[in-house]
Structures are given as structure tokens and as C-alpha cells.
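Secondary and tertiary structure notes
What follows is the residue order along each chain.
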Amino acid sequence: MSKIGKKPIIIKDGVEVKINNKTVAVKGPKGELSYTLLDGVNAKVNEGSLEVSIDNDEKRNLRGLTRTLISNMIEGVTTGYEKKLLVIGVGYAAKKEGKGIQLSLGLSHKINFEIPASIQYEVEQDQKGNYVITLKSIDKQYLWEVASKIRDLKKPEPYKGKGIRYFDEVVKLKAGKTAKK
């Protein structure tokens with residue numbers, strides 16, 4: 001059984017945490033986030049730390065989840081999060097277009113993906129000719145959700161590896177027909 005939920009969260013300098021009823025609001029130099037506590041889960045601010053507790057033992061899995069989400073909020077408002085995507089493939093391209101990204105992914109049409117206002121983004125080309133999409137936000141959960149939606153537009157295929165992948169993702173390639181001989 002994990003003991004993460006029992007650990008107190010250290011509140012960093014420059015971060016202000018307020019608890020109003022069941023809402024935890026975190027304010028820092030990069031912005032402000034809030035989270036509504038689930039039933040049976042409580043939070044309390046002590047000198048320089050925040051502790052998450054539960055009403056009964058049936059909710060112990062929610063304590064760890066809540067602690068991690070609040071910890072991610074504190075980290076987000078102080079340093080922020082970044083996620084990079086790599087667009088690989090001959091003829092595959094990405095460029096900034098209005099409020100989003102225009103992607104050419106080998107389809108008969110270009111895809112316009114609108115990026116939410118709470119996420120900053122950049123599109124650049126590396127030395128190999130692949131496009132790198134960099135997403136930045138203070139909300140880790142929302143950032144990963146948007147990155148996942150972009151990746152789902154064209155997942156990396158297993159034979160040549162072309163498609164959209166996370167920057168640190170390793171795609172294991174299959175051999176193909178010629179390897180069977």
C-alpha cells in the first residue's frame with residue numbers, strides 16, 4: 001500500500017494556498033489553479049505545508065490522488081510544465097496558424113487543431129527536418145490531455161515510425177515482409 005497520501009505537501013515560497021469549503025485554490029507567480037475536493041477527502045493548511053486526510057478508510061485511494069493533484073498544482077504555478085511532440089514523416093508538417101496548429105499528416109486535407117488559450121505553444125523544425133511542437137502550461141493534467149489529443153490525430157505506425165509521438169517516446173519498429181525471408 002502506498003504511503004504517498006500521508007506525506008505533507010511542502011508549500012513553496014511565493015505560493016499561496018487557500019481552502020474554502022471543498023475548494024483548494026493555489027496562487028503563484030505563474031498563475032492560479034483550483035481543485036474541488038471529493039466527498040470524504042479533506043485538506044488542511046499547516047505552517048508551510050498542506051495535509052490531506054480522509055473520513056474513512058474506504059477513501060484511502062482518493063487521498064493519494066488528491067495529494068498528487070494538489071502537489072502538481074503547486075509545482076505548476078511555480079515552475080510550470082512542458083510537453084514536446086515530434087512530427088515525423090516525409091511530407092508531414094506542422095505550422096502555427098491563427099490560434100492553433102495546422103498539420104499536414106499525409107491525409108487528403110490539412111488538419112487545423114485549435115490550442116486552448118491557457119496553453120502556450122511553439123512549432124519549430126529540427127536538424128533532421130522533423131517538426132517539434134512544444135506545449136507549455138501550469139495545469140499538468142490539461143496539458144497532457146491536449147498533447148494526447150494532438151498525438152491521436154496520427155499515432156506512430158509500427159513499420160516506418162512516422163506519425164506524431166511524444167519527444168521521449170520510443171517506438172519499437174516491426175520488421176516487415178522482407179525480414180521473413
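Scroll up to find the structure.
Residues numbered from 1 in each chain as written. Predicted model: local features only at pLDDT ≥ 70, side-chain atom pairs only at ≥ 80, totals over all residues. Heavy atoms only, no water.

Let's talk about the overall build of the protein
Rule in force here: Note on conventions: DSSP H or I runs of at least 4 residues are helices, E runs of at least 2 residues are strands, and numbering of each starts at the N terminus. In this setup the radius of gyration rests on C-alpha atoms only. A globule is expected at 2.2 Å times the number of residues raised to 0.38. For this analysis, residues touch if any pair of their heavy atoms sits within 4.5 Å. Under the convention used here, a 1.4 Å probe and the Shrake-Rupley method define accessible areas, while residue burial counts only the protein chains that appear. Here the positive residues are Lys and Arg and the negative ones are Asp and Glu; neither His nor the chain ends is included. Charge positions are represented by NZ for Lys, CZ for Arg, CG for Asp and CD for Glu.
Per the secondary structure count, the protein includes two helices and 13 strands. Taken against the 2.2 N^0.38 rule, which gives 16 Å for 181 residues, the C-alpha radius of gyration of the protein at 21 Å runs more than 25% over that of a compact globule. Considering only C-alpha atoms, the protein reaches an extent of 65 × 45 × 25 Å along its principal axes. Sequence separation of at least 24 residues holds for 50% of the intrachain contacts in the protein that already meet a minimum separation of 6. Approximately 11600 Å² of the protein is accessible, and the part contributed by carbon and sulfur atoms is 48%. Taking the average place of the 34 positive charges on the side chains of the protein and the average place of its 22 negative ones, the gap between the two points comes to 9 Å.

Description of unusual backbone geometry
We apply this condition: Think of it in three bands: with a 1.4 Å probe and only protein chains considered, a residue is buried below 20% of the maximum accessible area for its type, exposed above 50%, and partly exposed in between.
Unlike most non-glycine residues, Asn21 shows phi in positive territory, near 55°. Structurally, the position occupied by Asn21 is in the loop between strand S2 (16-20) and strand S3 (23-28). Asn21 sits in the exposed class, given a relative accessible area of 71%.

Details of the pattern of salt bridges
Selection rule: Take a side-chain nitrogen of Lys or Arg and a carboxyl oxygen of Asp or Glu: if they are within 4 Å of each other, that pair is a salt bridge.
As enumerated under the stated definition, the model contains eight salt bridges in all. Lys12 is paired through a salt bridge with Glu75; the nearest N and O atoms lie 2.7 Å apart. Note that Lys12 is positioned in the loop between strand S1 (9-10) and S2 and Glu75 in helix H1 (residues 60-78), a separation of 63 residues in sequence. Lys83 is the partner of Asp168 in a salt bridge, and the nearest nitrogen-oxygen pair spans 3.9 Å. Of this pair, Asp168 sits in the segment after strand S13 (163-166) while Lys83 sits in strand S7 (residues 81-88); the two residues are 85 residues apart in sequence, bridging distant segments of the chain. Taking the relative accessible area as the measure of exposure, Asp168 reaches 61% and is therefore exposed. By relative accessible area, Lys83 is classed as buried at 8%.

Quick notes on the sheet that holds S7
This is how the line gets drawn: Pairing between two strands requires that DSSP report at least two bridges joining them. Convention adopted: a line fitted to C-alpha atoms gives each axis, helices being fitted over their contacting stretch, and angles between N-to-C directions are expressed from 0 to 180 degrees.
Spatially, S11-S12-S7-S13 is the arrangement adopted by the four strands of the open sheet, whose pairing is antiparallel. Edge positions in the sheet fall to strand S11 (120-125) and S13, since each has one partner strand and no second. Going from strand to strand, the sheet's axes swing by 20° on average, the running direction of each strand aside. Along the sheet face, helix H2 (residues 140-152) touches S7, strand S12 (131-137) and S13 and points at about 5° away from the line of S7.

Focus: the sheet that holds strand S9 (residues 100-104)
One open sheet accounts for three strands, arranged S8-S9-S10; its pairing is antiparallel. This sheet does not close on itself; its edge strands, each paired only once, are strand S8 (93-97) and strand S10 (111-114). Sheet twist, expressed as the mean angle between neighbouring strand axes with direction ignored, is 25°. Bridge count between S9 and S10: four bridges; the pairing is antiparallel. Bridge pairing in S10 links Gly100 to Glu114.

A closer look at the nonpolar core
As a reminder of what qualifies: To form a nonpolar core, buried Ala, Val, Leu, Ile, Met, Phe, Trp, Tyr and Cys residues must be joined to one another through side-chain atoms within 4.5 Å.
Counting 22 residues, the largest nonpolar core has Leu85, Val87, Leu103, Ile115, Ile133, Leu135 and Ile150 as its most contacted members. Only S7, S9, S10, S12, H2 and S13 provide two or more residues apiece to this core. Top contributing element to this core by residue count: H2, with four residues. When sequence neighbours within four positions are dropped, the list of residues in contact with Ile115 reads Lys99, Gly100, Ile101, Tyr121, Leu135 and Ile150. Counting 21 residues, the second-largest nonpolar core is a separate cluster that includes Ile9, Leu33, Leu37 and Ile70.

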